[in-house]
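Each chain, written out:
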Amino acid sequence: MPAPRQDLLILYAHSPDLHSRVVSWSRYDGAGESKHTSGDSDEPPYDSVVEAMRDGWRVIQFPQQYPAFPGMEYRTSYLRYEYILEQLKEI
Amino acid sequence: MVDRKYLLDTEQMANFVADGYLRFDKLMPAELNQAAHKQMESKELERPERGKPFPGAYAGTPLGEIFAMPEIVGIMESLVGEAPLYDHEAIHIVPPSQERGQVWHGDAIIDLRDHFDIQFFYFPHDTPREMGGTMVLPGSQYRRISESDIGRYQNFRSQMSMVCEAGTVMVAHHGIWHCAQPNLTDRTRYMFKLRLNPTVRQLRLWNMADMDDVDLSAILHKNHEWYGNEVRIEVVNRIRQWRFLTGDESFDVGYWMSRLDNMPDNLTTQAA
């Protein structure tokens, strides 16, 4: 019986709104059908998380929202609105 | 001290604060690039002692000549003063047919100071896109991250690959996010990176003659597309850095910091 493999698409959105613009993106293909690396595309595969959902990607992780840590109210660090999506592929 | 004409101007400094880097295309003459390229291929380089003054390093070699050029010294003095300390350097080599890019990273661990180190990136030969170039993320220098903790990210809107001709130099804030790009050609790619530490307070070191002519608000409000909803906080980061560089603690653009500086709790109530 064929074993499904995860193809992961990580989209970083402008805001917590799933309709908002994608500002950063990564792809990790566990099926090995495509190779991805840093800097391999200047335009995202989808303009928003919802657009990816409409193309068959399932959201498997939402970013949690926390108030800023004391001292970090006006500092920036990692991208905050990270959505992890998957497709399962038969190999 | 180098002739003032070689110092950075206010517009360049403001762009450095907004973007985290400046690039100077084809700054070095062809002969010197070829000689430096050969030196990098041979890896013949006498390393200075870390933490000692940098001026005079690599003397008698092409790389020594490059880093003693007034154009480079002017950049150095504008950002980290006249006698910065040598931190480290590296000859970066990307072999031919290298299909994977390096993961995104910063070269520092979390650094809470307003003081910053600089890193020179010198490209001794033409670097077309298929050969990679170092990719940088404009405006990423104030993010508090540690080295390759950002390695999960692959692409950002407004990322910029240093596609350039021989003799190009980039100078960057030590916090800039960057990564080496794949080299799909049949030639080895070289890049020389040098980090320097300031030894003076980084206060009004550049040529400020154009201070009143520069639209600081437009430059410091620059919105790099990958910021998303955090662009206003990045503008605050820049205002804070500009205050540090100029000593003007009331400097602001767009009223962002003035609003935060307003402390009505500390005022006594006026008598009726």
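Above this text is the structure in question.
Residues numbered from 1 in each chain as written. Chains lettered and ligands numbered in written order. Predicted model: local features only at pLDDT ≥ 70, side-chain atom pairs only at ≥ 80, totals over all residues.

Caption draft 1: Here's a closer look at the environment of leucine 85 of chain B. Residue and element names in this part refer to chain B. Within the secondary structure, leucine 85 sits in strand β2 (residues 85-94). A count of 19 C-beta atoms within 10 Å places leucine 85 in the partly exposed class. Expressed as a C-alpha distance, the spacing of leucine 85 and phenylalanine 54, which sit 31 residues apart in the sequence, is 5.2 Å. Leaving out residues up to four positions away in the same chain, leucine 85 has contacts with Gly51, Lys52, Pro53, Phe54, Leu196, Asn197 and Thr199. (Helix = DSSP H or I, 4+ residues; strand = E, 2+ residues; numbered from the N terminus. Buried ≥ 20, exposed ≤ 12 C-beta atoms within 10 Å, placed from the backbone. Contact = placed C-beta atoms within 7 Å.)

Caption draft 2: Up close: the sheet that holds strand β1 (residues 21-24) of chain B. Residue and element names in this part refer to chain B. The sheet built from 5 strands is open, its strands ordered β1-β7-β3-β9-β2 with antiparallel pairing. What marks the edges here is a single partner per strand, and that holds for β1 and β2. Adjacent strand axes in the sheet meet at a mean angle of 15° when their direction is disregarded. Strand direction decides the pairing type here: strand β3 (residues 118-123) and strand β7 (residues 168-173), joined by 6 bridges, are antiparallel. The partner of phenylalanine 123 across the bridge, within β7, is threonine 168. Contacts from helix α4 (residues 70-80) reach β3, β7 and β9 (189-197), with the element oriented near 40° to β9. (Pairing = 2+ DSSP bridges. Axes fitted to C-alpha atoms, helices over the stretch in contact; angles between N-to-C directions.)

Caption draft 3: How the structure looks around helix α6 (residues 231-246) of chain B. All names here are of chain B. End to end, α6 covers 22 Å across 16 residues, agreeing with the expected 22 Å (1.5 Å per residue, within 8%). Regarding α6, the residues found buried are Glu234, Val235, Val236, Asn237, Arg238, Ile239, Gln241, Trp242 and Leu245. A positive phi of about 75° marks glycine 247, the residue just after α6. (Expected span 1.5 Å × (residues − 1).)

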